[in-house]
Each structure stands twice: as C-alpha cells, then as structure tokens.
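In case you want the letters, here they are:
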Amino acid sequence: MSVTGAGGEAPAVLLADRYRLHELLGSGGTGVVHKALDTITGELVAVKILSPLTTAAALRQRREVLALRVLRAPGVVRLIDEGVSDGHPFIVMELVDGTPFPGPAGSDWAEVAPMAIALLESLARVHANGVIHRDLKPANVLVDSAGRTVILDFGLARGGDVDLAITRADTVVGTPRYQAPEQLVNGPLDARTDLYAVGVMLYEVLAGRPPHSLENLHVMYAARVWKDAPPLQWAAAKVPLEVCRVVDQLLARLPEARPRSATEVVQALRGLSNGAERAPFPWLGPETPIRAAVDAARARRPFDVWGTAGSGRSRCLQEIAAALARAGRRSTWTTRGSRPYESLRPVVGEPDTLERLAGDASSPSPASDATEISRLLERRLRETLAGGTVVLVDDAEDLDAWSMELLEVVREDGNVVCAWRQPRADAFALAPLSEGALRPLFHGPDRLLHLREDAARALAVRTGGHPARVAAEVSAWVANGLAQWREGRLALDRMALDRLDGSVAVQVPPVPTDLGGSGIKRGLEQMLAWVTLAWPHSTPTRLRALHGGGWEVDMMLGELERVGAVRRTEDGRMEPRQAALALHEWGADQRRAAHAAIAASLDAGAEGRFAHLVGAGEFAAAAREARHVASGLVADGYVGRAIGVLSQGLYAAREAGDAEIELALLVEATQAAMVEGVAGSMKYVRYELARSGGEAVRALDTLLRAGLAQADGDTPRVVEALAELAPFADPGLEVWRKAVDLYVAMRQGMPIAAARVDEWMAWAEASESSFLLGRVLGWKGLVKYREARYAEAAEWHLRALPLKVGAADRLSTMINLASACLEAHQLEEAHRWAAEAEGLAAQRRAVLFEARAAWILRCVAYRLDDARTLDLELVEAVGMIGSSLVHATHCLTEASIAWRNGLIEDGACLARRAETLFVTQGRAPEATVSTALVLTCEGVVEPDPWRRVAEAAMALPPGTASAQALGLVARARVVWDPAWSERVDRTLAVDPSPVPSRRGFILAESEIRTYCRDASAPR
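Reading guide: rules and limits
- Residues numbered from 1 in each chain as written.
- Predicted model: local features only at pLDDT ≥ 70, side-chain atom pairs only at ≥ 80, totals over all residues.
- Heavy atoms only, no water.
- Helix = DSSP H or I, 4+ residues; strand = E, 2+ residues; numbered from the N terminus.
- Expected span 1.5 Å × (residues − 1).
- Buried < 20%, exposed > 50% of the residue type's maximum accessible area, 1.4 Å probe, protein only.
- Polar contact = N/O pair within 3.5 Å; in protein donor to acceptor, adjacent residues only side chain to side chain.
- Phe/Tyr/Trp six-rings, centres within 6.5 Å; stacked < 30°, edge-to-face > 60°.
- Lys NZ or Arg CZ within 6 Å of the ring centre and 35° of its normal.
- Pairing = 2+ DSSP bridges.
- Contact = heavy atoms within 4.5 Å.
- Axes fitted to C-alpha atoms, helices over the stretch in contact; angles between N-to-C directions.
- Salt bridge = Lys/Arg side-chain N within 4 Å of Asp/Glu carboxyl O.

Some words on helix 42 (residues 960–972)
End to end, helix 42 covers 19 Å across 13 residues, agreeing with the expected 18 Å (1.5 Å per residue, within 8%). For helix 42, the tally of buried residues reaches 10 of 13 residues, placing the bulk of the element in the interior. Restricting attention to buried positions, one finds in helix 42 the residues A961, S962, A963, Q964, A965, L966, G967, L968, V969 and A970. The first or second residue beyond helix 42 is R973, which carries a positive phi of 55 degrees.

And the structure:
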C-alpha cells in the first residue's frame, strides 16, 4: 500500500478491506491523516496511517491507541479501530469537523465560557481515568459547530491503563508554549500539569497574547520556571475579576498552588458564566414552571423553583429567560458571591460606580457609609424591577448574605425568579424526568426497531431521570459514537442500543449530579472514590470488603450520605452524587489494584465486570468474561447485543496475546452473525476475522462469505464458497455449513434437497443430540414447504419446536411454522404462531424475526379481507433493518393491499420498489409478480410490457409466482396465449384449494381461473 505524503492527492485505496481513503487532512512526523469512508457502517472517519518509526516513536503510537481505548468519555476523540495493513499500522477515529480551541469565539468571557467549561469537564473525566494528556494545546482541542470540544492526540498521555504496556524514563515532551514548569525540569506530573496548559490557552484567548514572551525559547523556559505569569487582569481589564483569579491560579508555578482538579475549576467558572452556557438539547422538563414564571412576571409576583442537585434548576431558569424574551421582557442574572453585594453587581453595577453615585446624593453621610450604599442599592434595584426587568437568581443559597437580604426586601415587588437547592414553601418542585419525557429526545422508529422507547429507557435507567445526569450521559453517548445529533434530536441504531444494554457495555464513568467539591475530608474522599469506582455494585457489604473495614466504613458512608455526596438507593446501594476528586490522585498501580479487587468481588456476567478486568490489566480473564456473557445473550435471543460483547472480548484477547480465547471468540461471533442473518453483522465479523490468521479462521470467513452470498441471493457465490468448506468438527459450525448446503441443494432441485436432509437425519439421530435433531427436523419442514406440501411442512416444524432450546432457534421455527400454516390455509394457526413469535422477537429485540412475523400477520389479515389500510410505517421500519429481501416482501404485500383497496398510486409505488429490490436480490419469481402488479396499478394497455411479463412467468418453474403473474396478465386482457392457460392449470392442479382465500401473493385461485377463462374466450 502506498501512502501519499503532504500535498499529494489521497490514494485510491481500500485500507484493510474496509476504509476507503479520501482527501488528505494533514501530516506530521508520525504519519498522515485521511478522511475515509467506513464501508461497513457508512460513517466518515479519520484514518491516521502511522509511519514505521523508532522504538520510542512506536511506543508513543501504542500509547495513543491505549489511551483512546481507556478514554471512552465525553469530549475525547472516539477510537473506532486499529490495525496493520501492508505493514503500515493505523488507527481510525471519529472525524471531527472543528476549529482549534476556543473555536470561533472572541476574547469576551461570555463567548469563551461554554467551551472552557466543556473542555474542563472532559478533562475531569480524562483525569478520573488516571490519564494525563501532557500535550494540551489549541490544535489538540477542536470545537465543532455545535460548540462541542473534543480532545485529540493522546500520543504523549501517561497513567492508568496507558502505562500497562509502556515503561520508560520520562523526557521533556510536548509543545513548549503550553508546558507546565514541572515538565521543563523533568518533575513529577499529575492532573495539574494539564490544568496549567488550560490556563495558558485561556490567558492567550482572553488577553490576546501568551503569559510569557515567546521570542526566545530559553528565556521563556527560565521565566516559566522562576517567575509567576503577569496577572491576567493587567492584560485583560474587561474580563471579570473572578475569572482572572481562576486563570492566575491555573498558571501558578508550583503544582500545589493550582486547583486540585479540573472539577474544582468547573465549579469556580460555572458560577461566573451568568447563565451563558449553551443548552445541549431541547428542554425536556415540564412547561408548567416556565409558563407560571412568565405569568408571575406579568402580574408582578415573585416566583420560586427548587430541586436537588442535578434536577435542572439552572436549565429551567434559562428556559424561563428565553420565554421572557419571547414575551418582550428583559432579564438579568445574579452571580455567586461572598463579599457585600457581590452577587448583585451584574444587576446594579460595580462598587466604584455605586460609591460615586452615593457621593452625589443629598445625604449628609460620607460616600462610604454602608447604610447609604444599602439604600442606594435598594433604590436602584427597585427601579430595575419597576422598569420590567426580571432578576434571575440561580442557586439562591450561593448569593452573598447582603444581596440575599436585599432581594428578600424587594421580592414582593415582583420580577424576581429564584432557583433553590432546598425545599421552599410555594416553590415549584422539579422532579426527575420520566421515560415518556425523554422519548421525544430521540429519532425513531419504535416500530420493529424500538429506537425511541429503548433509548429513553436506557437513559432513564442510567441516570434516574436527573437532568444533569441526562445531559452528561447524552454527551457521553455522542462522544463515544453511540448517538448523533440530527435536526435537534438524537439518532441511535440498534447496534448502539445493544452496546448500551449489554453487560459488557462501553464504560461511561458515573456522572455526578453536582460537579462541585463538597469540602469533605481526605478519608471521606477516598471512600467516595471507592463508591464511584464500584458503582453500580457499591453496596455497604462490598465496600466494607473492598476498603478493608467494618463499622468505620459504615460511619463514613453515613457521613457521605449526610452531606449529599452519595445517595442510598431503594435496594441499598450507595450511588455517587458528587465528583470523587481522590480518583484524580490515584496512581496507575492503585487504580489497577482497585479494579482487580472489584472484579474479584463480582460474579461472572455481572454488569461492568469486563470493564474492571480490563482496568486491572487482566485481559485474558476479560476475554473469557466476554465469551461467557455473549453465550448467555445468544441463548436468550439477544444476538445483536452478543456481537457487540464479543467485539470487546476480541480486543481484550488480542491485548493479552491469547490466540486460543481469540479463536473461541471468533467462533462465537461467526455463529452469532449467522443466527442474526444481518449483512452488516456478517461483514463486521469478517473484518474481525481478517485481523487473525490460520486455517480455522479462514474456514470461518468462508462460512460467513457463503452466508452473505445467500442473503444476497447470489447462488453461484454460495456454491463457490461451499466448495471450499470441509466439514467442521464443531457441531454448531457444522450445522451452519449444512444449512448453506441445503440452500444450494434446494436450487438444484427438491429431490436433491430431500435426499440430502434424509441423509442428515440419520447423522442427527446417531449423534443423540436434541440440538442437531431439532435442526434437521426443521430442514425437513423447509423441504416440504418448497415442495408445496404445506400441511406436512407445518407438522415437521411442530415436531422440531420442542427440541429448540435457544430463543433464536425457537423464533426461527415458530416463524417457519406460521408461514407453513399460512400457505396451508390454516389461517387461525398461522396468526397464533406469528403473533407469539412477534411478541418474543420484540421482547428480544430480534428485529429481523419480528419483521418476518409482522409480514405473516399482514398476509393473514389480507387473506381474511381484514387489511383495509396501509401500514407504511412498517414498510419504512423494515427498510432500516438492512435486509433487502424482507423489505421487498413487505413492499409487495402492502402493494397488494393498496391495490385491493383502490389506493392505486400507493400500490404502484410500493410494487415498483419491490420490483427493484427483488431484481437486485436475483429473485426472478417475486420480481416478475411485482412487475405485473406495477402494470396493473398503472393501468398499462400496451401489449409489449404484458407479453414480456408472461414470457418471464413461463420461464419460471411452475409455482405460485408463475400463476400469480399470469393471472394478472389474464386480468388485463391485453394479450393472451392458450399455452399460458395450460401452465396455470398445471400449477393450480398441484395444490388445489377449496378455501376461498386469497391464495398466494395477490390473487385468489378462483380469481386466477376466472381471469384465464375470460382471457381465452373469443372477443
């Protein structure tokens, strides 16, 4: 593979048989970055092709990959894949379309604040995972059009799992312009090293220049190590004083003089943003407090709202401010404060202005007299309220005492809206969001795919409906590539939901409802760290065992609960509610030991156990855990979820270098993909197989290649793949090889297929395996069905059903049974089995099975003349599954219903879509019928199109499709040939039906006979 350097055109190459490279995005000393198309998911990605480098550079490359594996957190670029292609190592990341921090913002703090806070929140999660970036700079922090900050380039990161495979002496690394003093002197590094870099970036954007001169590198080094940076206020007089103080603290020369964590900086800056943070998504809470606040403003009444930490108080006030603006009312915000009247400065002005105004008053008291200042402030505040401006007070408990006292004096004048953390009489109480309230946040459909309902349920379960946790969790989903914003709502697919629901899910750190510190003592901070790391398994019993104590642990948990740092759930678990700052200080060894202890305390299959094993560096054990979980999921019918679990297990197996467990996982993944029958899953597993080697892996790949060709209806490719497959020793794999063999045999002729199944029946009976016998009995039913012996087919499937132990096997058999009953005119039985299968499939979220069951139910309704309206929602949902054949079948059925009910335009459109899909699938019988229905709906009277349909029908083997197509030709009475009547007679004679149902796709048998007789009659 040749890789074009900087300035060249993107090579026309398919990297690793998956990523189609497009234009070159950039290049550097470690390689080049291309925009690329992921041909499996259809997603545009960024592919970083790494150059073969020295050992030290290779360690840096591995460091970046490991860091991104660990940091599946909001605001961190998402790692999609890694590998080697033609000797070139590469990593694949999400494609971030953004500008260097702080993006398009200017030097005004109100513009910078949202991006700065978002960056620090992301950094807090990075540090909570034990990772230090060490090279933060604007180019490594991109801001997209939605204001989302994304941290890139973890090639210099240290700490946590990143150090598992990399140990070497530190050197001075990073970009000098943003390095902390301790980096320049090879001192110890921690989270505060990254905070220094954030301070430099904020200083630059707010002051318009760096804190130290860059003219001479050595002079800058010396100044940074030995001199404090000039105060930001000297260079940025318009920046609020408190913001300047925070930036100055970030730039402290000694690490111990800086804030302990990014969380502390977030706490400080949030109180200074005056409601300026942009809302991440539409308001989901009740409209009642918003309407009530506007009504109160109109009536000159005060209004109060209260809620616990994370209840959405601030967001509610932002919505109230927006509603007031729409109503033509101004609003202004107070701020946190501790000095006299500091909180009211945004409302009444700065102190020097107040003193000057007091000096101009007629009072004999001096200008500095506190009483006169208070009177002046009260007058100015009443004038503001009387002028119609509404004062918004967020977290009223955090106002300075003097401002709060004054607001209490004037609040009865109205136009004061306060949000409180504690209950208050006559205040509106904000409650957690319900699943129903969360559902409008997501795109659908719920039909078949259950997207809205499952996403809302997952979000409610993971957050308890607390708005702050909802916002943080949604940010985590977007950052991890599980969801995307589209037209103001979140879009997730089934694979993403399966990953969220799986026991081996993407690890999203617990989201505290209050990002501020609680002032708890160090011993309690350590306890809170254990609670956070062990969640959702943080029961007092487990925490006593982990922390090594009895009554002391109980007392510490009680104190954490008293101060609101944790909440005791109804089932007795301790839920973290505040940031665990101690986690930022844990070293890699301490963190790994904690993960190992938690993993050892959990049973196999417990939620999060896989993530703890990975965190402990026990990759082989993690891979075995993934296999255990996936096997249970497949048995229960959650096949899509199992494939997501197995992909995580493969990463762990490869990290451990355990070829045996890797092969076992690949076998499980191959069988799961064949069970699911979805092309996307089979392609994904084939890609994973390509990353391994050996005869066994090649055989698995050939089996999947045959499965894909079968799904596409490409019989020659199936035959080609089958010829390369020797029998498998593993019964599970051999069953799938025989299933492919049966597909080929059926196309060679039903006598061949019947003989093949009889041969396998002896094999299954000799094995004394109910699993194998159940499969062969089911195949016998399939053969009988293809022989048009539908009642016999139903009997064979009914015999097979009790032997099916897995939910997926039972589903498949129930649907085959329902289909056989449908064609045997046992419509009541067909409805019964299809309805049961549909319910089971919906419960298991087996969308392909659910779609097939829904189709049978529509056919039953059609044949009973109960289908009076179209189900276009079902058709569109089926189109999103990824199976063209199932989609085409639904389109043809709904086209028939449309035509029967006089919906001619809809019928023509649906029939044309079915025709296209069937042609693509190589399904000539169904395509011919679809073409005939298109001509029928469009009322075509030219003879040539009808003659072509008749000739195509005559070229088909005698069967239902041939009779249906010729029946529609006869109905048109445009062209007719006696030979066509003979074909219809022979076909219908094979399976005469006394039941006056609509036999087949469209026409009842009696209708076909009548139309053919009329077409043959002299005109």
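Read on for the rest.
Section: the side chain of Q183
Inspection of the secondary structure assignment puts Q183 in helix 3 (residues 181–184). Residue Q183 is classed as buried on the basis of its relative accessible area of 7%. Polar contacts involving the side chain of Q183 include one to the main-chain carbonyl oxygen of R134, which spans 3.1 Å.

Focus: the packing of aromatic side chains
Within the structure shown, the criterion is met by seven aromatic pairs. The interplanar angle of 70 degrees and the centroid separation of 5.1 Å between the aromatic rings of Y785 and Y790 together place this pair among those described as edge-to-face. Take Y790: its relative accessible area is 9%, and that puts it in the buried class. On the numbers, 5.4 Å between centres and 85 degrees between planes, the contact of W976 with W980 is edge-to-face. Within the aromatic cluster, the residues linked to one another by ring pairs are Y19, F90 and Y687. Cation over ring: R641 sits above Y638, and NZ or CZ is 4.5 Å from the ring centre.

Some remarks on the sheet that holds strand 12 (residues 390–393)
Reading across from one edge, 11-12-13-10-14 is the order of the five strands in this open sheet, with parallel pairing throughout. The open sheet has two edge strands with one neighbour each: strand 11 (331–333) and strand 14 (428–429). The sheet strands contacting helix 9 (residues 288–298) are strand 10 (303–306), strand 12 and strand 14, and the helix crosses strand 10 at an angle near 160 degrees.

Things to note about the pattern of salt bridges
Counted according to the given criterion, the structure contains 64 salt bridges. R379 is the partner of E383 in a salt bridge, and the nearest nitrogen-oxygen pair spans 3.9 Å. Placement of the pair is E383 and R379 together in helix 13 (residues 370–386), with a separation of four residues, close to one helical turn. A relative accessible area of 47% means that E383 is categorised as partly exposed. Taking the relative accessible area as the measure of exposure, R379 reaches 45% and is therefore partly exposed. Within this structure, D81, R654, E662, E688 and R691 form a network of salt bridges that share partners.

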